[in-house]
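# Tertiary structure, described
The chain contents come next:
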Amino acid sequence: MTTMLNVKDLRAYYGQVQALHGLSFSLNEGSLTTLLGANGAGKTTTLRAICNMVRSTGAIEFEGKPIGTRSTENVVRLGIAHVPQGRGTFTNMTVEENLQLGAISRPDKKAIGSDIERMYEHFPVLKQRYTQQAGTLSGGEQQMLAVARALMLRPRLMLLDEPSFGLAPLIVRDLFRILGKINREEKVTILVVEQNAQLALELADQAYVIETGRIVMSGNAKDIANNEDVRKSYLGY
Amino acid sequence: MSAAEEIVTEAPAVEAVPKRAMTLGYGTSLVVLAALILIPLFVKNFIIFQMTMLLIYALAVMALNILTGGSGQFSLGQSAFYAVGAYTSAILMEHAGMNYALTLPIAGIVCFGFGFLFGQPALRLSGVYLALATFALATAMPQLLKLGYFEHWTGGVQGLVVTKPDAPFGLPMSQDMWLYYFTLAVSIGIYLASVNLLRSRSGRAFMAIRDNEIAASAMGVDVALYKTLAFGVSAGITGVAGGLGAIAVQFVAPDGYTIQLAISLFLGMVVGGVGWLPGSIVGSAFIIFVPNIAEGISKGLSGAVFGVLLFLVIFLVPHGARQIAIIAQQLAAKFKKN
Amino acid sequence: MELFANQVLAGIATGAIYACMALAVVMIYQAIDHLNFAQGEMAMFSTFVSWQLMQWGVPYWGAFVLTVAFSFAAGIVIERLLFKPLAKAPILTNVAGFIALYAIINSVAGLIWDFTIKQYPTPFGSSPFLGSQLISTHQAGMIGITLLMLALLFFFFRFTRVGLAMRAAASLPESARLVGINTSWMIALGWGMASAIGSIAGMMIAPVVFLEPNMMLGVLIYGFAAAVLGGLTSPFGAVMGGFLVGIFENLVGTYIPGVGNELKLPIALALIIVVLVVKPAGLFGRAIVKRV
């Protein structure tokens with residue numbers, strides 16, 4: 001297995017405050033990895049640092065190329081799709097325009113139409129609403145739209161920031177099922193940040209646990225799920 | 001997620017300036033005060049006059065700063081309040097024969113009322129809309145002052161000539177110098193009152209509204225009252241400045257209070273640093289002296305030179321004089337450590 | 001009644017000027033979320049450039065096209081040189097920058113072309129339009145050009161990828177970057193387009209108000225007012241706002257006694273404020289609900 005993303009000694013800062021203290025981890029190509037941690041542990045910051053949306057130092061390599069100094073849009077153009085916390089929906093545009101925007105940096109314009117159709121297959125609810133203003137969608141629908149928009153990039157790597165946030169449990173299950181499918185069928189490497197540790201560990205094959213800006217545990221998702229400390233702190237049994 | 005991460009969300013239009021950062025420390029204040037007291041003893045009358053204007057505009061800039069930096073509302077209409085203050089003083093002095101010093105509080109009260117009333121419809125507006133509304137006020141004011149109905153009082157287009165007061169109690173002082181110290185005393189009084197206002201409950205209410213209006217109202221701040229109050233206070237101080245200005249220039253006329261004055265005051269606030277009261281005097285110096293400097297560099301291109309100088313200032317210190325003060329403070333702290 | 005109808009027609013004719021300028025205002029507002037106080041001066045400068053080209057013997061439409069191209073490029077250059085460095089500065093500092101730009105352009109134009117009033121040609125002629133004394137063929141042509149620009153803008157924003165990207169960058173810069181849009185260049189492009197539209201406005205307005213460095217002062221204020229009235233988010237609203245402001249202004253001048261030319265502006269503005277108090281997003285604007 002080849003390494004897709006390699007992060008070494010990542011430190012990130014908000015003004016004077018240091019949020020990450022030398023984080024190192026790597027993602028294998030085709031893997032589905034989850035990053036677990038409590039509030040304020042630095043999960044979101046880690047994702048933001050990969051896309052250069054926060055001031056950071058350290059080495060970030062994507063498919064062997066250093067990307068630490070690239071601007072956000074140029075990181076994305078390499079094929080790294082980022083579904084941000086809060087979904088980042090373009091609320092005043094239609095569902096279809098949101099999907100178009102997902103593919104806006106792609107050079108192959110012809111395939112966009114068929115990709116949109118494919119998204120409607122993954123997320124049938126979006127098809128029913130394609131001329132509707134995205135802001136009028138429910139939270140769950142918006143999260144589906146955000147994932148679909150990210151996939152429109154035809155990404156090699158997808159970063160998801162708490163996709164379960166604020167959604168009903170049934171919808172979360174549905175969403176995670178689709179994520180698994182995308183990971184297997186479309187060969188998209190996925191890094192998902194979650195507070196819902198149980199679901200995330202069921203879904204993922206690799207896991208990292210992060211505490212106050214440092215990785216404290218890493219390994220196979222099953223092993224992590226069986227780890228006593230993790231069970232106590234994150235799974236609650 | 002965590003508190004640290006919330007910092008990166010979109011910045012509000014007006015930066016949140018903590019209230020302690022809005023003022024100067026004691027030591028620096030005393031040095032500035034000493035300079036303001038001593039310099040006039042050694043310079044010519046014309047320069048004393050310019051220093052008087054410096055203080056007057058500083059007051060007007062500070063008034064805008066309380067409105068914008070304090071409560072987050074934006075105004076391009078300060079020239080209108082300034083004009084009302086100036087005319088109130090001038091009319092009371094020339095038509096009613098009132099003592100100049102007594103006209104100032106009246107000018108302040110009249111403008112406070114005017115600003116408070118104007119603040120009512122302005123409540124519904126924010127950002128560019130409020131800018132346009134206040135702008136309309138500023139463009140209307142000179143026209144209103146010219147109107148035939150008020151000509152008996154305002155002197156119409158001609159305006160009014162105001163008598164310059166002599167120093168009282170037979171003090172051996174030129175008129176200019178007396179007026180300077182009088183203005184200085186008034187300015188210090190208003191500055192101290194403003195600092196106290198911003199440190200008080202009302203000041204906290206202003207700043208809460210500036211930083212997050214909905215959260216402020218959720219905490220029980222009467223948003224409508226405090227927003228109009230901020231307009232009133234700002235207008236009142238501007239009115240006093242206008243009254244002082246009328247006395248210093250010895251003349252009021254509609255064309256002295258055009259939108260250009262409002263724009264100048266706005267620039268003064270930006271250059272001084274939005275939300276930093278002591279910066280007002282730096283901003284005032286900028287709008288008084290830089291046009292003259294520009295004229296000195298090139299008569300034909302004075303506007304362009306002014307623009308270039310303004311760009312230089314905002315490139316070097318986008319946060320205005322406040323930024324210089326902060327840098328100086330950090331340097332001083334470093335120096336102490338070593 | 002006939003007086004009323006005539007005044008409305010005359011209002012539409014003057015309104016065309018404001019509508020033209022309001023389009024440029026909306027364009028820049030879309031890109032930078034703010035009003036550019038130097039926009040009128042940029043349009044004035046462009047108009048002088050076209051005048052200079054015609055003085056050198058370039059035919060009208062040739063000068064027109066060259067000027068639009070020049071203005072587009074100049075808008076981008078101004079953004080890259082002067083406002084990109086201020087991208088992280090507070091908004092009020094940016095406003096100070098607009099004022100500085102205003103002073104610079106006005107002063108330089110005055111130095112190059114001096115402050116005397118110049119005639120400016122119209123490609124549409126200035127005979128009465130369809131036999132009406134109130135509206136000339138030039139004004140009719142100006143209305144036509146404004147509507148054409150409106151249609152083009154609508155097409156651009158609705159059906160092109162760049163238009164979509166610009167809208168995205170304006171509404172949510174961070175999300176736009178996350179789909180790979182270079183938001184910084186979108187802003188520059190917005191400046192270029194606003195400057196180009198402004199130059200067309202200037203060239204249409206100049207035959208009416210005559211060419212001189214201060215020609216745009218009043219026009220820009222009315223253009224702002226029109227854009228704000230119509231709704232800053234809507235090009236269509238801006239054009240309608242322009243016509244409405246023109247009609248407002250004419251009716252005020254006709255029916256309210258004692259309103260000279262000088263009080264027209266404040267009264268028109270006051271009316272607009274009344275509208276805004278009732279409908280804060282403008283007549284045609286989308287109310288933007290902000291989550292807190």
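As recorded by an unreviewed UniProt entry, chain C carries the name Branched-chain amino acid ABC transporter permease and is attributed to Bradyrhizobium uaiense. The annotation that UniProt attaches to chain C under Subcellular location (unreviewed entry) is "Cell membrane".

If you look chain B up in an unreviewed UniProt entry, it shows as Branched-chain amino acid ABC transporter permease from Bradyrhizobium uaiense. Regarding chain B, the UniProt comment filed under Subcellular location (unreviewed entry) reads as follows: "Cell membrane".

Let us look at the overall build of chain B. Check the secondary structure of chain B and you find 15 helices and two strands. Computed over the C-alpha atoms, the radius of gyration of chain B is 20 Å, within 12% of the 20 Å expected from 2.2 N^0.38 for a compact globule of 338 residues. In terms of its C-alpha atoms, chain B occupies a principal-axis envelope of roughly 65 × 50 × 45 Å. Sorting the 338 residues of chain B into buried and exposed places 51% on the buried side. Restricting the contact set of chain B to residue pairs at least 6 apart, pairs at least 24 apart contribute 78%.

Right, let's get into the overall build of chain C. When you go through chain C residue by residue, the secondary structure sums to eleven helices and two strands. Helices and strands appear in chain C in the N-to-C order α-α-α-α-β-β-α-α-α-α-α-α-α. Whereas a compact globule of 292 residues would reach a radius of gyration of roughly 19 Å, chain C reaches 19 Å, a difference of no more than 12%. The dimensions of chain C, computed from C-alpha atoms along their principal axes, are 60 × 50 × 35 Å. With 292 residues in all, chain C has 55% of them scored as buried.

A word on the pairing of strand β9 (residues 206–211) of chain A. All names here are of chain A. Here four bridges tie strand β3 (residues 32–36) to β9, and the two strands are oriented parallel to one another. In the sheet register, Leu-35 faces β9, and the bridge partner there is Tyr-208. With six bridges connecting them, β9 and strand β10 (residues 214–220) associate as antiparallel partners. Bridge pairing in β10 links Glu-211 to Arg-214. The antiparallel pairing of β9 with β10 creates a hairpin that spans two residues between the two strands, and Thr-212 there sits at a positive phi of about 35°.

A few words on the interface of chain C and chain B. Across the boundary between the two partners, chain C contributes 34 residues, which contact 33 residues of chain B. No other element matches helix α4 (residues 91–113) of chain C, which puts 14 residues into the side of chain C that touches chain B. The residue inventory of the side of chain C that touches chain B, partitioned by class, reads 29 nonpolar, four polar and one charged.

Turning next to helix α9 (residues 201–211) of chain B. Every α-helical turn comprises 3.6 residues, leaving residues that sit three or four positions apart pointing alike. Where α9(B) is concerned, the buried positions are Gly203(B), Ala205(B), Phe206(B), Met207(B), Ala208(B), Ile209(B) and Arg210(B). Contacts from the buried residues of α9(B) go to α3 (45–71), α8 (175–199), α10 (213–218) and α11 (223–249) of chain B.

Residues and elements named next belong to chain A. Burial of strand β8 (residues 189–194) is extensive: six of the six residues sit out of reach of the surface. Burial of the side chains of β8 extends over both faces: Thr-189, Leu-191 and Val-193 are buried on one face and Ile-190, Val-192 and Glu-194 on the other. Bridge count between β3 and β8: five bridges; the pairing is parallel. Considered in β8, the bridge of Leu-32 is made with Ile-190. Two strands pair when backbone bridges link them, and strand β7 (residues 157–161) and β8 are joined in this way by five bridges, in the parallel orientation. Following the sheet pairing, Leu-159 is matched in β8 by Leu-191. One crossover worth recording links β7 to the parallel β8 by way of helix α7 (residues 169–185), and it is right-handed.

Residues and elements named next belong to chain B. The UniProt feature table records "transmembrane region" (unreviewed entry) at residues 24–43, 55–76, 96–118, 125–145, 178–198, 229–253, 259–289 and 301–321. Across residues 178–198, the secondary structure splits into 100% helix and 0% strand, with the terminal C-alpha atoms separated by 30 Å. The span residues 259–289 shows a helical share of 81% and a strand share of 0%, and its end C-alpha atoms are spaced 19 Å apart.

With respect to the helices and strands, the residue Met177(B) is situated in helix α8. Beyond its immediate chain neighbours, meaning those up to four positions away, Met177(B) contacts Pro40(B) and Ile48(B).

Attention now goes to the UniProt feature "transmembrane region" (unreviewed entry) in chain C. Residues and elements named next belong to chain C. Those places that UniProt annotates as "transmembrane region" (unreviewed entry) correspond, in this numbering, to residues 12–32, 60–83, 95–115, 135–157, 185–209 and 265–289. End C-alpha to end C-alpha, residues 135–157 measures 32 Å, and it is 91% helix and 9% strand. Secondary structure within residues 185–209 divides into 100% helix and 0% strand; the distance between the first and last C-alpha atoms comes to 35 Å.

Counting residues in each nonpolar core, the largest one holds 284 residues, and the members touching the most others are Leu59(B), Ala22(C), Leu23(C), Val25(C) and Ala225(C). Looking at which element gives the most residues to this core, the answer is helix α1 (residues 2–32) of chain C, with 19 residues. Ignoring sequence-local partners within four residues, the contact set of Val25(C) consists of Leu35(C), Gln39(C), Gly223(C), Phe224(C), Ala227(C) and Ala238(C).

This brings us to unusual backbone geometry. For residues other than glycine, phi is negative in most cases, and the peptide bonds are mostly trans. Residues and elements named next belong to chain A. Backbone geometry places Glu-63, a non-glycine residue, at a positive phi of 50°. Relative to the elements of secondary structure, Glu-63 occurs in the loop between β4 (55–62) and β5 (65–66). Judged by C-beta crowding, with 16 C-beta atoms within 10 Å, Glu-63 ranks as partly exposed. Even without being glycine, Lys-187 reaches a positive phi, approximately 55°. With respect to the helices and strands, the residue Lys-187 is situated in the loop between α7 and β8.

With that settled, the discussion passes to the packing of helix α6 (residues 161–171) of chain C against helix α8 (residues 183–209) of chain C. Each packed pair of helices is defined by two parameters, the angle between the axes and the distance between the axes. Residues and elements named next belong to chain C. At a minimum axis distance of 9 Å, the contact between α6 and α8 shows a crossing angle of 110°. For the element pair α6 / α8, the angle class is roughly perpendicular. Together, Ala-165, Met-166 and Ala-169 of α6 and Thr-183, Met-186, Leu-189 and Gly-190 of α8 make up the contact between the two elements. For the contact of α6 with α8, a count of residues per class yields five nonpolar, two polar and no charged.

Take the sheet that holds β8(A) next. Residues and elements named next belong to chain A. The strand order across the open sheet built from six strands is β6-β7-β8-β3-β9-β10, with neighbouring strands paired in mixed fashion. Looking at which strands have only one partner, the edges of the open sheet turn out to be β6 (80–83) and β10. Strand-to-strand twist in this sheet, taken as the mean axis angle between neighbours without regard to direction, amounts to 15°. Each of β6 and β7 touches helix α6 (residues 139–151); the most contacted strand, β6, lies at about 170° to it.

So, about α7(A). Here α7(A) is 17 residues long and its end C-alpha atoms lie 24 Å apart, about the 24 Å a rise of 1.5 Å per residue gives. Here the buried face of α7(A) lies against β3, α6, β8 and α8 (197–203) of chain A.

What counts, and at which threshold
- Residues numbered from 1 in each chain as written.
- Chains lettered and ligands numbered in written order.
- Predicted model: local features only at pLDDT ≥ 70, side-chain atom pairs only at ≥ 80, totals over all residues.
- UniProt positions renumbered as here; feature names shortened; annotations may be inferred.
- Helix = DSSP H or I, 4+ residues; strand = E, 2+ residues; numbered from the N terminus.
- Rg over C-alpha atoms; globule rule 2.2 N^0.38 Å.
- Buried ≥ 20, exposed ≤ 12 C-beta atoms within 10 Å, placed from the backbone.
- Contact = placed C-beta atoms within 7 Å.
- Pairing = 2+ DSSP bridges.
- Nonpolar A, V, L, I, M, F, W, Y, C, P; charged D, E, K, R; others polar.
- Right-handed = clockwise from strand over helix to strand, strands pointing away.
- Core = buried A, V, L, I, M, F, W, Y, C linked by C-beta atoms within 7 Å.
- Axes fitted to C-alpha atoms, helices over the stretch in contact; angles between N-to-C directions.
- Parallel < 35°, antiparallel > 145°, perpendicular 65-115°, else oblique.
- Expected span 1.5 Å × (residues − 1).

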